[in-house]
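Now for the letters of each chain:
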Amino acid sequence: QFGAEFRRFSLDRYKPGKFEDFYKLILHIHHIANLEVMIGYADVHGDLLPINNDDNFFKAVSSAHPLLRVFIQRQDEVDYSNFGTNTLSRKKKALVALRNDNLRRRPHINISMPHDFRPVSSIIDVDILPETHRRVRLYRHGCEKPLGFYIRDGTSVRVTPHGLEKVPGIFISRMVPGGLAESTGLLAVNDEVLEVNGIEVAGKTLDQVTDMMIANSHNLIITVKPANQRNNIIRSSRMSGSSGQSTDSTASHHSLPTPHVLQNFHPDEMESDEEADIVIEGGLEPQHIPKLHSLTSSSLSRINGSSLSHRLQRDLVLNNSSGRESNGNIHKLLSSLKTDPRHSLVIPRGGIEEDGTVITL
Amino acid sequence: MRRFLRPGHDPVRERLKRDLFQFNKTVEHGFPHQPSALGYSPFLRLMAIGTRSGAIKLYGAPGVEFMGLHEENNTVMQIHFIPDQCQLVTLLDDNSLHLWSLKQHGGTSELLEEHRFTLKGPPGSPPSATQVTAVLPHSSREVLYLGTESGNIFVVELPSFRVLEDRTITPEAVLQRIPEDNCNRRSCELVESLREHPKNPDQILIGYSRGLIVLWDLQNNKATHHFLGSQQLENLYWQRDGSKFISCHYDGSYTQWPVSSDNRQPEPLENTVPYGPFPCKAISKIYWQTTKNGLPYIIFQGGMPRASYGDRHSISVIHGSQQTAFDFTSRVIDFFIIFSSDPAAEFDDPSALVVLAEEELVVIDLKSAGWPAVHPPYLASLHCSAITCSHHVSNIPLKLWERIISAGSKQNIHYSSMPWPIDGGTNIAPDPPQRDLLLTGHEDGTVRFWDASGVCLHLLYKLSTVRVFLTDADPNDNMNTLGEDEWPPLRKVGTFDPYSDDPRLGIQKIYLCKYSGYLAVAGTAGQVLVMELNDEDAEHVVDHAEADLLQDQEGYRWKGHEKLKTRDGPVQFEAGFQPFVLVQCQPPAVVTSLALHSEWKLVAFGTSHGFGLFDHQQKRLVFVKCTLHPSDQLALEGPLSRVKSLKKSLRQSFRRIRRSRVSSRKRRGGSGNASEVQEANAKFDQDALQEMELAPVQRKIEARSAEDSFTGFVRTLYFADTFLRDSSRHCPSLWAGTNGGTVYAFCLRVPPAERRMDEPVRAEQAKEIQLMHRAPVVGILVLDGRSTPLPEPLEVAHDLSKSPDMQGSHQLLVVSEEQFKVFTLPKVSSKLKLKLTALEGCRVRKVTVANFGSCKTDDYSENDLAVLTNLGDIQIISLPFLKLQIRYPCIRKEDVSGIASCVFTKYGQGFYLISPSEFERFSLSTKWLVEPRCIVDVPEVTSNNHVHKSGTENAARKSSPGDCGEDERKSGRLMEHALLNDEKVLKEIQSTLEGGR
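Per chain, residue numbering runs from 1 following the sequence as it is written. Key to labels: chains lettered from A, ligands numbered from 1, both in the order written. Local features in this predicted model are restricted to residues of pLDDT 70 or higher, and side-chain atom pairs are both shown and tallied only at a pLDDT of 80 or more, whereas totals for entire chains, interfaces and linings draw on every residue. Side-chain measures here rest on the full set of heavy atoms in the structure, leaving out hydrogens and waters.

1. Some remarks on the overall build of chain B
Convention followed: Only DSSP runs of H or I with at least four residues qualify as helices, and only runs of E with at least two residues qualify as strands; both kinds are numbered from the N terminus onward. Note on exposure labels: buried denotes an accessible area under 20% of the residue type's maximum, exposed denotes more than 50%, and partly exposed covers the range between, all computed with a 1.4 Å probe on protein chains only. A contact between two residues is defined here by any heavy atoms of the two lying within 4.5 Å. Surface accessibility follows the Shrake-Rupley procedure with a 1.4 Å probe radius. Residue values consider only the protein chains on display as shielding.
Counting its secondary structure elements, chain B contains twelve helices and 65 strands. Evaluated residue by residue, chain B yields a buried proportion of 59% over its 997 residues. Long-range pairs, those at least 24 residues apart, make up 60% of the contacts in chain B between residues at least 6 apart in sequence. In the structure as shown, chain B presents an accessible area of about 40900 Å², 48% of it carried by carbon and sulfur atoms.

Here's what the structure looks like:
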């Protein structure tokens, strides 16, 4: 039973030492020496990755910039399957699933943890979208998996000032088994596609939407209205009153002319995400001119992340100051962070220093 | 964020855009699709054609054109001009009547619909009671007589369309005067023909379907004469003096009847079956024209012997001992005779026979010996062989223009020299600012050169590439080899011939250099011909080379068609463009791109396998490059049409079955093999079933990969003199773009002119760019130091363009179906891009650089990209900053063939097919606008003078310039809309286009 606590300590970046020592240190700092815990960290992509041996500990420390965010969970609450292919943002789904139906928890499979991870998908812009919608980003850099889904025409029901109205819509019709879309678990058959990379699909034909998706296939961001609304993030009613928050978090974007701009989706990021064209001079061996992708994207997401980290701090502080000693775990904490950024600043900005890529929401 | 921040509305630029860009559909060129009715006004000297989609088009002197569209989009059944008026009445197949007027407005005439009317019978009467079968506009111009199926003749007042019930001529009234033993009520069913007495407007001749003919006195409301025909009546015609009339019948006979005051029930003077004695088809229309020498012209439609010539579409002309049955290539819709309209003249003195057939207009000169055809200045049958590609060349130098015209005139010697007889109205449009050529490639291996400078698309010259090859068809199987004693004396007329002897001959790409007169033409079986304009006939050997585009690739098998066999030895060519080099690609796949550099004397060509460069000066292949991906099996196996794409929707597949049935039915006339047809149909059904199982319509979302099919398909080739290797030296270069998003650049070394024949042209690959989005590359362009596109070859040498700026750095613009991308040169790095598909979901289908001049000042013009997307929108995108300037919806996105056929001009105009036989012309420019501006003078409407006016008024036509009507343009759009709404039309267009592949 952990409360959400926040501690800051320093390590020698270049001589991090052994995992054993670090583990003990953690337990010591947190005064939880008698518990089995799982330690995780947020990597440059905002993914939650485990720390359980010397190698990944070293990796974690060396890739931290400048802070390493470490998450500690009770061993028996860790859902191992969430590591690996899933990102932090994926967590909240798992969380919901856990909440809804504890019996369906998958048995632990203790396999050795892979060393390095790449995001394949993420849910973004949760804070600005209606809770019935989901914005999913599929990463396809270098990935050999096919994107793998089909779309079709259909009709959707919209609420208009004149009552319900049937309108044409675009829906996911089929998943290719083993494809990227299927493996993320974020898209499902009969989900209605609302936007493709920030462009509304309303009024566009199936062929147009197909072309838009293929043209964006290297970095596809689709906003869907999931057919199964039960898996949506449930924002606790406690927080729902403070909807004014979103204006705060999006204030910097208010000058945008288009109302449907992706909030956390920086256009420059899109540019850098695109793999550059290959130019072969003189018919020799290919020379890859492209900029290093991961480098640029991480630097950009750091910029993005900074505002988030402020929010994160605020919420952490809030949770602490409210003195709620619930048995909430890190999942719950994170989910509340993501879904309910609120602006009741107890501690002024910068009260707790934190920087670096935290979470890509 | 930059992307989303729209550049603020710059008012200066916005104003400039208004001065530069403007979208108009200006005129339809070619032959109306599915004509259904014909009318002619001898008074206005205007001809009207109605179509099955409800359009009416009026034509007069060249350049005088009007168009109208019935809102109902119903078939136009009949067109009748009101005598001595600028008005006409149309009857549609929904039994509605429409009154149209030519009105002057702002200095030009416009065709406007004034009234519409549907005849209503008494309540409870059957629809046939009011079904109009014959229309007679009376010369009093006040009433219209409407014959109906019920035998009633209704009288309606003009222009109000008020029914004058007391004047209705009922069968009962007619029968009162006729002895009952000859006739009964049934004799008066269905009015077949109504004719006004040529001299006495108070008498009209009524012909009933069953053969009874009655002369009716309008004053006394009684029948004065009746004529008992034994055969079913088809039509009637008065002789000029009103002493006789002629009737034609269903059994192929015609009968002359005398009209005299003493005999109220005359016997026929003469009853003839011209093509008897065996059973003949009906004569559906007949003219009897008197001449000074006493021998009449008898001109009639049909009447052929049923058994042996029943399938012919003929019109016979008999003049004394001369008799010819003109045999048309398609069904005859209607015809008329142009004769002396002066009522004072004693004789008809016919001058021309004008025949509207389903696929073409044929005019026969009856004045000249041998009755030759007249070359029409408009209404050209663009589709006499299906159009497979088109190419537009603006601003042709006068010298080349004259040479082409002279070559063409040698081909047209069999035409009559008669001036165009339909010459009403006055063309007041300014002379076209420049000479423009539109070249169309056809399925039968011909290239047609059209004068596209003005409103009338006029055939200048026809080039055939067939002679170079050995084909199954014997070019000498002439239709005009009929002997003297042949009966009936059939004579083929017209040019419509949609059936290609060998589809491999089809023309796919055309490139004409207007400065040098070099022409490159490439076809379906990988053939590339380079030609030169020669003013004389010549006989010479065509140099022949083969380009093996697969090179060292092993193990591939081409399952497509074989290459064309060439003729050995010298070939006789007529004056005009004469081929001197033939390059045949191996495998003989369809040529997908072509470029000619007349200054370097090089021709580049590409197929789905690769591309090659040929030196046509030294007649040597410089190099070939295989672009094939090893896994791309489909490209190797055969022509594109064979590949079944899963993307094809259900609708398309259904369309295909139906089309295949239509086409097999169409060919039935030929040596159709029934079992073959059945087999083909069965196969198509099977295919359709297979595709049906894929329903519902869904689209796969998948990133393109290098393994996709047809990545090697060469989409574009481009020659440029630019900085390819380093920034200090520029050199000739060849650029090629593929379907898989690859751009190849070759550095060329062309020897200087004095050693051009001594040293070989060398090429070396300098660059290869793989666009990561892998979309097909549809355009490559190099911009000079001033960001101006490089000029065409020889353009600078002819002082028609500033020489390109070689000081500043050049830029490369690569247009893919999805993106526009500017790269720096010589080091290729991305500088700027516009991601069209990612933003709008549309793809680039056609792109051209167009020069736009300001309508306000003469000294400003700029180059922009004119882009047609797969949605049928036209966008103008600025150079070099790739900013979208303006967007216009142009073609319906379902109209795939319209989009595929679109061609832009260099000055912001364009053409696309709205039917297999019609080009719509549009303009994006405020400055270059070619549209009809014409005037038809309305004569003074004098009281009730019903005597035909003398022709002198005709001559007194004035014209005053002014603005052209907006309405006409609007109706143009409506017209197109109507055509495209017609499923059949769409199918036919598609079949023509696809059939060519």
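Moving on from the coordinates now.
2. So, the pattern of salt bridges
Spelled out, the test is: Put simply, a salt bridge is a Lys or Arg side-chain nitrogen that is within 4 Å of an Asp or Glu carboxyl oxygen.
Counted by the stated rule, this structure contains 42 salt bridges over all chains. Among the ionic pairs, B:R13 bridges to B:E862, the shortest N-O distance being 3.0 Å. Of this pair, B:R13 sits in helix 1 (residues 11-20) while B:E862 sits in strand 59 (residues 861-869); the two residues are 849 residues apart in sequence, bridging distant segments of the chain. Since its relative accessible area comes to 12%, B:E862 is described here as buried. Between B:E792 and B:K906 there is a salt bridge, and its shortest N-O distance comes to 3.8 Å. In this pair, B:E792 sits in the loop between strand 54 (777-783) and strand 55 (811-816) while B:K906 sits in the loop between strand 62 (903-904) and strand 63 (909-915), placing the two residues 114 residues apart along the sequence. With a relative accessible area of 21%, B:E792 lands in the partly exposed category. Salt bridges sharing common partners tie together A:D211, B:R715, B:E817, B:E818, B:R843 and B:R845.

3. Thoughts on the packing of aromatic side chains
The test is simple: Centres within 6.5 Å make a pair out of two Phe, Tyr or Trp rings, where for Trp the six-membered ring is used; the pair is then stacked when the planes are under 30 degrees apart, edge-to-face when over 60, and tilted otherwise. For a ring to carry a charge above it, either NZ of a lysine or CZ of an arginine must fall within 6 Å of the ring centroid while also lying within 35 degrees of the normal to the ring plane.
For the coordinates displayed, the defined rule picks out 31 aromatic pairs over all chains. Seen from their ring centres, B:W238 and B:F245 are 5.7 Å apart, and the 65 degrees between their planes marks the pair as edge-to-face. Pair check on accessibility: B:W238 and B:F245 agree, each one buried. Three or more aromatic residues link up through ring pairs in this structure, and these residues are B:F23, B:Y888, B:F904, B:Y912 and B:F922. Lying over the aromatic face of A:Y150, A:R174 brings its terminal NZ or CZ to 4.2 Å of the ring centre. Over the ring of B:F335 we find B:K285, and its NZ or CZ is 5.3 Å from the ring centre.

4. Brief notes about the nonpolar core
Residue and element names in this part refer to chain B. Put simply, the test is: To define a nonpolar core, start from buried Ala, Val, Leu, Ile, Met, Phe, Trp, Tyr and Cys residues and group those joined through side-chain atoms within 4.5 Å.
Among the nonpolar cores identified, the biggest contains 54 residues, and M47, I299 and L353 are the most heavily contacted of them. Counting residues per element, this core draws most heavily on strand 26 (residues 332-338), at six residues. Counting residues in hydrophobic clusters, the runner-up holds 39 residues, among them A720, L812, L825 and V867.

5. Section: the UniProt feature "repeat: WD" (unreviewed entry) in chain B
Residues and elements named next belong to chain B. Basically, it comes down to this: UniProt positions are given in the numbering used here, feature names are shortened, and annotations may be inferred rather than shown by experiment.
Taken from the UniProt record, the annotation "repeat: WD" (unreviewed entry) applies to residues 69-103 and 433-451. Span residues 69-103 is 0% helix and 60% strand, its end C-alpha atoms 16 Å apart. Annotation note: span residues 433-451, helix share 0%, strand share 63%, distance between end C-alpha atoms 13 Å.

6. Section: the side chain of B:S101
Residue and element names in this part refer to chain B. Note the cut-off: Under the rule applied, a polar contact is a pair of N or O atoms within 3.5 Å (in protein, one hydrogen donor and one hydrogen acceptor; residues adjacent in sequence only if both atoms are side-chain atoms).
Turning to its location among the elements, S101 is positioned in strand 8 (residues 96-105). Take S101: its relative accessible area is 2%, and that puts it in the buried class. Among the polar contacts listed, one links the side chain of S101 to the side chain of Q87, at a separation of 3.2 Å. A polar contact is formed between the side chain of S101 and the side chain of E114, at a distance of 3.1 Å. The contact partners of S101, leaving out residues within four places of it in the chain, are C86, Q87, E110, L111, L112 and E114.

7. Examining the sheet that holds strand 30 (residues 387-393) of chain B
Across a sheet, paired strands are connected by hydrogen bonds in the backbone, their directions being either parallel or antiparallel. Residues and elements named next belong to chain B. Selection rule: Any two strands between which DSSP finds at least two bridges are classified as paired. Inter-axis angles, ranging from 0 to 180 degrees, are taken between N-to-C directions of lines fitted to C-alpha atoms, where helices are fitted over the stretch in contact.
Here we have four strands laid out as an open sheet, ordered 30-32-33-34, and antiparallel in their pairing. At either margin of the open sheet sits one strand with a lone partner, and together these are strand 30 and strand 34 (458-464). Ignoring strand direction, the axes of neighbouring strands in this sheet form an average angle of 20 degrees. Both strand 30 and strand 32 (residues 437-442) contribute to a ladder of six bridges, which runs antiparallel. Residue pairing in the sheet places V393 in a bridge with L437 of strand 32. Against the sheet, helix 4 (residues 398-411) contacts strand 32, strand 33 (446-451) and strand 34, and its axis sits at roughly 75 degrees relative to strand 34.

8. What to know about helix 4 of chain B
To keep it simple, the criterion reads: Any helix carries an expected span of 1.5 Å times its number of residues minus one.
Given a rise of 1.5 Å per residue, 14 residues ought to cover 20 Å, and the 20 Å separating the end C-alpha atoms of helix 4 of chain B matches this to within 8%. Residues of helix 4 of chain B that are buried make contact with strand 32, strand 33, strand 34, strand 39 (527-534) and strand 44 (576-586) of chain B.

9. Brief notes about the pairing of strand 4 (residues 121-124) of chain A
All names here are of chain A. Side-chain alternation along strand 4 places S121 and I123 on one buried face and S122 and I124 on a second face that is also buried. Pairing of strand 4 with strand 5 (residues 134-139) involves four bridges; the strand directions are antiparallel. Across the sheet, residue I123 finds its bridge partner in strand 5, namely V136.

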